[in-house]
Amino acid sequence: TSVQSGGLPDESATLALGAAFAAAAEPGLTVHLLGDLGAGKTTFTRGLLAALGHRGKVKSPTYTLVESYALPEYSVHHFDLYRFADPEEWNDAGFSEYFGQDSLCLVEWPDKARGLAPAPDIVLELAVAGDGRTYHFQALSQTGQSCLIRLST
Ligand code: ADP
Ligand code: MG
């Protein structure tokens with residue numbers, strides 16, 4: 001099972017997918033979130049963060065580029081690189097240091113930092129389909145594959 005896909009009829013289904021993913025995830029994972037504006041990337045992240053114990057708001061890191069959450073089990077870093085333009089900013093901000101064995105990183109618009117952002121263990125692609133969404137997971141590493149196996153069982 002290096003791929004997994006399905007439908008998400010409404011917002012609550014996207015939140016539930018994020019929660020299910022949280023139960024299968026582990027620190028050290030890097031997840032790239034692909035899909036157009038409004039596809040549900042941040043909604044998925046909200047579901048994941050809530051399931052890992054986050055009780056506050058989830059801000060879209062559109063301007064800050066990253067929001068970090070120190071959660072009971074481990075830290076989650078949520079990137080949104082839509083407005084990322086300057087590769088030097090990546091280094092100046094020390095973003096590479098966010099990607100380590102003790103945290104989970106989710107990256108919206110990873111292509112904006114191509115060559116700088118670490119390679120993903122899992123790519124999740126979301127797409128608008130009628131009133132709902134579709135999702136497609138692909139594992140690109142052994143760690144990612146183990147996670148998708150736990151997700152499917
Ligand atoms: P992105 O981060 O990909 O730009 P968002 O997560 O901000 O997108 O979601 C955009 C909108 O889509 C939100 O209003 C959200 O409620 C809605 N949404 C999320 N998942 C679904 C779904 N499965 N069906 C219908 N609407 C959804
Ligand atoms: Mg978003």
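Residues numbered from 1 in each chain as written. Chains lettered and ligands numbered in written order. Predicted model: local features only at pLDDT ≥ 70, side-chain atom pairs only at ≥ 80, totals over all residues. Heavy atoms only, no water.

*Asks:* Could you clarify how one ought to interpret the sheet that holds strand β2 (residues 30–34) in this entry?
*Replies:* Whenever strands of a sheet pair, they do so through backbone hydrogen bonds, lying parallel or antiparallel. Taken together, the seven strands give an open sheet; going across it, the order is β1-β7-β6-β2-β5-β4-β3, and neighbouring strands pair in mixed fashion. Each edge of the sheet is formed by a strand with only one pairing partner; in this case those strands are β1 (3–8) and β3 (66–70). Taken pair by pair, the neighbouring strands of this sheet meet at an average axis angle of 15°, ignoring direction. (Pairing = 2+ DSSP bridges. Helix = DSSP H or I, 4+ residues; strand = E, 2+ residues; numbered from the N terminus. Axes fitted to C-alpha atoms, helices over the stretch in contact; angles between N-to-C directions.)

*Asks:* Where do I start with unusual backbone geometry in this structure?
*Replies:* For residues besides glycine, phi is generally negative; the peptide bonds are generally trans as well. Positive phi, close to 75°, is recorded for L65, a residue that is not glycine. Note on placement: L65 falls in the loop between α2 (41–51) and β3. Using a relative accessible area of 4% as the deciding quantity, one classes L65 as buried. The phi dihedral of W109 is positive, around 55°, even though this residue is not glycine. Note that W109 resides in the loop between β5 (103–108) and β6 (122–129). Judged by relative accessible area, which is 22%, W109 ranks as partly exposed. (Buried < 20%, exposed > 50% of the residue type's maximum accessible area, 1.4 Å probe, protein only.)

*Asks:* How should I be thinking about a negative patch on the surface in this particular structure?
*Replies:* Taken together, the side chains of D86, E88, E89 and D92 make up a negatively charged region of the molecular surface. With respect to the helices, strands and loops of the structure, D92 is situated in helix α3 (residues 87–92). Note on D92: relative accessible area 64%, which makes it exposed. (Patch = residues over 30% accessible without salt bridge, like charges linked within 9 Å, V, L, I, M, F, W, Y side chains within 5 Å. Areas by Shrake-Rupley, 256 points an atom, 1.4 Å probe, with all protein chains shown as cover. Salt bridge = Lys/Arg side-chain N within 4 Å of Asp/Glu carboxyl O. Lys, Arg positive; Asp, Glu negative; His and termini not counted. Charge placed at Lys NZ, Arg CZ, Asp CG, Glu CD.)

*Asks:* Is there a simple way to explain the site of ligand 1 in this structure?
*Replies:* Neighbouring residues of ligand 1: 17 residues in total, closest E11, T14, G38, K41 and T43. Within the contact set of ligand 1, an oxygen atom lies 2.6 Å away from a side-chain nitrogen or oxygen of T43. For ligand 1, an oxygen atom lies 3.4 Å from a polar atom in the side chain of E108. Notes on ligand 1: free accessible area 580 Å², of which the protein chains cover 74%. Among the secondary structure elements, those contributing two or more residues to the shell around ligand 1 are α1 (11–24), α2 and β7 (132–139). No other element matches the three residues that α2 contributes to the shell around ligand 1. (Near = heavy atom within 4 Å. Polar contact = N/O pair within 3.5 Å; in protein donor to acceptor, adjacent residues only side chain to side chain.)

*Asks:* Any chance you could explain the coordination of the magnesium ion (ligand 2) here in plain terms?
*Replies:* Metal coordination angles in their ideal form are 109.5 degrees for the four-donor tetrahedron and 90 or 180 degrees for the six-donor octahedron. The protein atoms donating to the magnesium ion (ligand 2) are T42 (OG1) and E108 (OE), with metal-donor distances spanning 2.2 to 2.3 Å. With a gap of 66 residues between them, T42 in helix α2 and E108 in strand β5 connect regions that are remote in the sequence. Like E108, T42 is buried. (Donors = N, O, S within 2.8 Å, 3.2 Å for Na, K, Ca; no water.)

Don't take any of this as a statement about function, it's just geometry.
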